[in-house]
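Breakdown of the fold
Here is what each chain is made of, one letter per residue.
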Amino acid sequence: MTKPLLILIAGPYRSGTDGDPEAIARNLERLEAAAAPLHRLGHVPMIGEWVALPVLRGLDSAEAADSDVMYDVAARLLQHCDAVLRLPGDSTGADNDVAIARERGLPVYFSIDEVPAG
């Protein structure tokens, strides 16, 4: 077995929801549905919102307004990730994650079937 990869799962979270909490929750469930298959392959799944949402809850409104915590957290996470799994759907944030991954020379997968076993 090779070293497990830390793989950022990127896809729509807020995109296309018009701020509807139920639609956002469905998007998060879709992101999370990719976690178990990555785990089965021997990797460590990561979703930026798992880290960003608690950070947002800990910031006051002025701090939160100073930057886009969701994008900042994803960019910081990508300094530690080994790859990105880009799920389908329009998402500026996920597209940004892919661009950062490519700049860093990280593999970008567009299907769980492309991810090698760890």
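Below or above, wherever it landed, is the structure these notes cover. (Residues numbered from 1 in each chain as written. Predicted model: local features only at pLDDT ≥ 70, side-chain atom pairs only at ≥ 80, totals over all residues. Heavy atoms only, no water.)

Description of the environment of I47
By secondary structure assignment, the location of I47 is in the loop between β2 (44-46) and α3 (48-58). When its relative accessible area of 0% is taken as the criterion, I47 is described as buried. Linking I47 and G89, residues 42 residues apart in sequence, is a C-alpha distance of 16 Å. When residues no more than four places from it in sequence are discounted, the contact partners of I47 are L8, I9, L28, L31 and E32. (Helix = DSSP H or I, 4+ residues; strand = E, 2+ residues; numbered from the N terminus. Buried < 20%, exposed > 50% of the residue type's maximum accessible area, 1.4 Å probe, protein only. Contact = heavy atoms within 4.5 Å.)

Considering the pairing of strand β1 (residues 6-10)
In terms of residue burial, β1 counts as a mostly covered element, since 5 of its 5 residues are buried. Side chains of β1 alternate between two faces, with L6, L8 and A10 and I7 and I9 buried alike. In terms of strand pairing, β1 meets β2 through 3 bridges, oriented parallel. Looking across to β2, one finds that I7 is bridged to P45. (Pairing = 2+ DSSP bridges.)

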